[in-house]
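So you can see what is in the structure, the chains are spelled out below.
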2 protein chains.
Amino acid sequence: MGEEEVSNKQVILKHYVSGYPKESDMEFKNTTIKLNVPEGSSNVVLLKNLYLSCDPYMRGRMKKIEGSYVESFTPGSPITGYGVAKVLESGDSNFQKDDLVWGMTGWEEYSIVTATQTLFKIHDKDVPLSYYTGILGMPGMTAYAGFYEVCSPRKGETVFVSAASGAVGQLVGQFAKILGCYVVGSAGTKEKVDLLKSKFGFDEAFNYKEEQDLDAALKRYFPDGIDIYFENVGGKMLDAVLVNMKLHGRIAVCGMISQYNLEQAEGVHNLFCLITKRIRMEGFIVTNYYHLYPKYLEMIIPQIKAGKVVYVEDVAEGLESAPSALVGLFSGRNIGKQVVVISRG
Amino acid sequence: MGEEEVSNKQVILKHYVSGYPKESDMEFKNTTIKLNVPEGSSNVVLLKNLYLSCDPYMRGRMKKIEGSYVESFTPGSPITGYGVAKVLESGDSNFQKDDLVWGMTGWEEYSIVTATQTLFKIHDKDVPLSYYTGILGMPGMTAYAGFYEVCSPRKGETVFVSAASGAVGQLVGQFAKILGCYVVGSAGTKEKVDLLKSKFGFDEAFNYKEEQDLDAALKRYFPDGIDIYFENVGGKMLDAVLVNMKLHGRIAVCGMISQYNLEQAEGVHNLFCLITKRIRMEGFIVTNYYHLYPKYLEMIIPQIKAGKVVYVEDVAEGLESAPSALVGLFSGRNIGKQVVVISRG
């Protein structure tokens, strides 16, 4: 590409965050970059970032953490996260110029990525490219692995999904319907609740913010109890679900977004139900299931093209909107998968 | 046996109990009984009770409960529980006079039992009969099923057992040692801690009441983390364990005795660790595993006779001592399995 330097705006984490993240915890930095891979380097690609993904797990990376499954962001450096990008130059024989990829990249216009083993090459371009931050990327695999591999679902079972209109929840609900389950979702606005029923085919849905008594709400929709709970929120909802589980129920613990901005997590009081109802509760991380990704694509791409599975995205325009989009996740401002478009090509 | 009536002292639950149970929540009642099965009845046996078992799950039955795996005791009626008994007369073709059995019976000298399908016939009498309330009965099967079926243990793994000197814990520790695991137990007195190491062969043991910081105590004994936690206590210990679990750890939830006398269970705050460490936490009830009982006996009886597995009982003499023995469980007064002898033959 030559020696010319081009501008490369970045989104920097200013400092570790406590409580709810704010846009002011991030700042923009105008840098420049030479559009080539460093000389003599291998396993390096130069990426032009197209779409960035805003995901709840990123909240954890905004604080100092040790011994978790992810590393902290580095204050003063660009945020990193999943994204879709185009290879501008490759020092890795597995990638070529103009390849499209998804995986870990930086919150900036161009990124030099050295962990190329974490990048997935995009083969099917006959779908919206942004889907590779969602239904065809990490959140899609999360829904797939969490539902099919962790929940051990069977036709006819009752399934409850919290944060059900989110990047993962909307898919879990659709997968459960395809299998022949009865599916109920919770979300935090009327608009999202409507979407669950009208767009994603949930049997029922409710706005948890309008329920005085979550236990009563769950009893209304699950008079005979819940076989499977796909846990995205934690805290009070988990407590209410535990007393409404059926014998031998399963809880796949995917996330606990209601807890991420608290200094101390809420206490969960009803764990004795694990014994009385013989519940299996299991946490999982999508990266343990990426070996199933080809199998997932084979299943999901035809479903998408046939309109049998749909996906709703909340698309923010431009890197400038990225901090606001990320912060919005934690107040539930997004409707569907939150994506940021940096460039459409 | 004839028409003669004999005296039949009973232990009655006076009323539902809140908070810690007291001896005064129970009372003795002098009744009489005819020593024969009601005429024309089938599936009924008349039992002479020999040993009664005091078990933590009985606390749950002292309150009004609905939809649990056990039923409430009936205030005004005798307490029921596991015991060892001799058949005096049988109206059930599966049992004969002088058979020894273990299973659900009453807290009284003689019991008419109609749920004969829940009684196990005792074949091997070349072991202490009281063992059929413990190592050869429900607690033994609990340890066996919980450890081998729920924990998925492997040689070389690190195992933590709470309430480790109790009826179940002492066996879990020994099973884990036999398999080649590193095993640490917690208990509530120095005497119990010594027993864990000197008698049951635990690698390490500690007195949880003397630890200011359970997290620090666990880090001392498990610098690289815990693969398997056999959960008997709940509450603060569970919270401390969660942050000390290894990746892909397993928690078998057998009981939560620290919580049984509280009006509301303590909150557990560290459940997010289920995700970060990809932990499977699973509750179980021994009755789902009784089909494995013959296999268990085949394994355990030779081990007992060879002295390779030992069992410590805390034996209270006489039905009069039963209320005190039961109440003592919840302050940890018993050392080993709490049994009450009604009659030795």
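Structural data are supplied above this passage.
Here's a quick rundown of the structure. Here the structure is a predicted model, which is why all the values come from computation and not from measurement.

1. Quick look at the nonpolar core
- Ranked by size, the top nonpolar core spans 223 residues in total, and within it Leu-271 of chain A together with Leu-271 of chain B carry the most contacts.
- Other than its neighbours up to four places away in sequence, Leu-271 of chain A contacts Leu-242 and Met-281 of chain A together with Leu-238, Met-256, Val-268, Leu-271 and Met-281 of chain B.

2. A closer look at the sheet that holds strand E12 (residues 245-253) of chain B
- Ordered by their spatial adjacency, twelve strands build an open sheet running E10(A)-E9(A)-E8(A)-E11(A)-E12(A)-E13(A)-E13(B)-E12(B)-E11(B)-E8(B)-E9(B)-E10(B), and the pairing between neighbours is mixed. Taken across any chain shown, the strands that pair with only one partner, and hence form the sheet edges, are strand E10 (204-207) of chain A together with strand E10 (204-207) of chain B. When strand polarity is set aside, the average angle formed by the axes of neighbouring strands in this sheet is 15 degrees.
- Pairing of E12 of chain B with strand E13 (residues 280-283) of chain B involves four bridges; the strand directions are parallel. From the neighbouring strand, Ala-252 of chain B faces E13 of chain B, where its bridge partner is Glu-282 of chain B.
- Helix H4 (residues 190-198) of chain A contacts strand E9 (182-187) and E10 of chain A of the sheet and is inclined by roughly 175 degrees relative to E10 of chain A.
- Taken strand by strand, helix H2 (residues 138-150) of chain B contacts strand E8 (158-161), strand E11 (226-231), E12 and E13 of chain B, and its axis lies near 150 degrees from that of E11 of chain B.

3. Thoughts on the packing of aromatic side chains
All names here are of chain A.
- Overall, the coordinates contain 42 aromatic pairs over all chains when judged by the stated rule.
- With a centroid separation of 6.0 Å and an interplanar angle of 75 degrees, the aromatic rings of Phe-160 and Phe-222 are classed as edge-to-face. Placement of Phe-160 in strand E8 (residues 158-161) and of Phe-222 in the loop between helix H5 (214-221) and strand E11 (226-231) is noted, with a sequence separation of 62 residues between them. As far as the burial class goes, Phe-160 and Phe-222 line up, both buried.

4. Points about the packing of helix H5 (residues 214-221) of chain B against helix H6 (residues 235-242) of chain B
Residues and elements named next belong to chain B.
- The contact between H5 and H6 brings their axes to 9 Å, and the two run at 50 degrees. When the interaxial angle is binned, H5 and H6 end up oblique. Like other packed secondary-structure pairs, H5 and H6 cross with a definite hand, here right-handed. Residues Leu-214, Asp-215 and Leu-218 of H5 pack against Lys-236, Met-237, Ala-240 and Val-241 of H6.
- Tallied by class, residues from the contact of H5 with H6 come to five nonpolar, no polar and two charged.

5. A look at the relation of the copies chain B and chain A
- In screw terms, the move from chain B to chain A is a rotation of 180 degrees and a rise of 0.0 Å along the axis, fitting with an RMSD of 0.0 Å. Expressed as a symmetry operation, the mapping of one chain copy onto the other fits a two-fold axis. Measuring from the rotation axis to each C-alpha of chain B, the shortest distance belongs to Gly-267 of chain B, at 1.8 Å.

6. Section: the pattern of salt bridges
- Counted under the stated rule, the structure contains 34 salt bridges over all chains.
- Residue Lys-121 of chain A is joined to Asp-99 of chain A by a salt bridge in which the shortest nitrogen-to-oxygen separation is 3.7 Å. Taken together, the residues Lys-121 of chain A in strand E7 (residues 120-121) and Asp-99 of chain A in the loop between strand E4 (80-90) and strand E5 (100-106) connect sequence positions 22 residues apart.
- In this structure, Glu-211 of chain B engages Arg-220 of chain B in a salt bridge whose closest nitrogen and oxygen atoms are separated by 2.6 Å.
- Three or more residues are tied together by salt bridges with common partners; here these are Asp-124, Asp-126 and Lys-305 of chain A.

7. Considerations on the interface of chain B and chain A
- At the interface, 29 residues of chain B touch 29 residues of chain A.
- Among the residues chain B hides against chain A, the three largest losses belong to His-269, Ile-275 and Arg-278 of chain B. Together they make up 24% of the total.
- Summed over the shared surface of chain B and chain A, the number is ten residue pairs in polar contact (both at pLDDT 80 or more).
- Of all the elements in the fold, those that place two or more residues in the side of chain B that touches chain A are E12, helix H7 (273-276) and E13 of chain B.
- With four residues, E13 of chain B is the single largest residue contributor to the side of chain B that touches chain A.
- Class assignment for the residues of the side of chain B that touches chain A results in 16 nonpolar, nine polar and four charged.
- As paired strands, strand E13 (residues 280-283) of chain A and E13 of chain B are joined by three bridges and run antiparallel to one another. Each bridged residue has a counterpart across the sheet, and for Glu-282 of chain A the counterpart in E13 of chain B is Arg-280 of chain B.

8. Some details on the packing of H2 of chain B against helix H3 (residues 169-179) of chain B
Residues and elements named next belong to chain B.
- For the pair H2 and H3, the least separation of the axes is 9 Å and the interaxial angle reads 45 degrees. Our classification of the angle between H2 and H3 gives oblique. Regarding H2 and H3, the two cross each other, and that crossing is right-handed. Contacts between H2 and H3 involve Pro-139, Gly-140, Ala-143, Tyr-144, Phe-147 and Tyr-148 from the former and Leu-171, Val-172, Phe-175, Ala-176 and Leu-179 from the latter.
- Across the contact of H2 with H3, the residue classes break down as ten nonpolar, one polar and no charged.

9. Side note on the environment of Leu-196 of chain A
Residue and element names in this part refer to chain A.
- Along the polypeptide, Leu-196 turns up in helix H4.
- By relative accessible area, Leu-196 is classed as buried at 0%.
- Sequence separation between Leu-196 and Ser-186 is ten residues, and the spatial gap between their C-alpha atoms is 8.6 Å.
- Leaving out residues up to four positions away in the same chain, Leu-196 has contacts with Ala-164, Ser-165, Gly-185, Ser-186, Ala-187, Gly-201, Phe-202 and Ala-205.

10. Here we look at H4 of chain A
All names here are of chain A.
- Taken as a whole, H4 has its buried residues at Lys-192, Val-193, Leu-195 and Leu-196. The arc that holds the buried residues of H4, viewed along the axis, is 160 degrees, so those residues lie on one side. Along H4, the residues that are exposed and aim more than 90 degrees away from the buried face are Lys-190, Glu-191 and Ser-198.
- Contacts made by the buried residues of H4 are with E9 and E10.

Parameters at a glance
- Residues numbered from 1 in each chain as written.
- Chains lettered and ligands numbered in written order.
- Predicted model: local features only at pLDDT ≥ 70, side-chain atom pairs only at ≥ 80, totals over all residues.
- Heavy atoms only, no water.
- Core = buried A, V, L, I, M, F, W, Y, C linked by side-chain atoms within 4.5 Å.
- Buried < 20%, exposed > 50% of the residue type's maximum accessible area, 1.4 Å probe, protein only.
- Contact = heavy atoms within 4.5 Å.
- Pairing = 2+ DSSP bridges.
- Helix = DSSP H or I, 4+ residues; strand = E, 2+ residues; numbered from the N terminus.
- Axes fitted to C-alpha atoms, helices over the stretch in contact; angles between N-to-C directions.
- Phe/Tyr/Trp six-rings, centres within 6.5 Å; stacked < 30°, edge-to-face > 60°.
- Parallel < 35°, antiparallel > 145°, perpendicular 65-115°, else oblique.
- Left-handed = near helix turned anticlockwise from the far one by under 90°.
- Nonpolar A, V, L, I, M, F, W, Y, C, P; charged D, E, K, R; others polar.
- Least-squares fit on C-alpha atoms with pLDDT ≥ 70 in both.
- Salt bridge = Lys/Arg side-chain N within 4 Å of Asp/Glu carboxyl O.
- Buried area = accessible area lost by both parts, 1.4 Å probe.
- Polar contact = N/O pair within 3.5 Å; in protein donor to acceptor, adjacent residues only side chain to side chain.
- Arc of directions from axis to C-beta.

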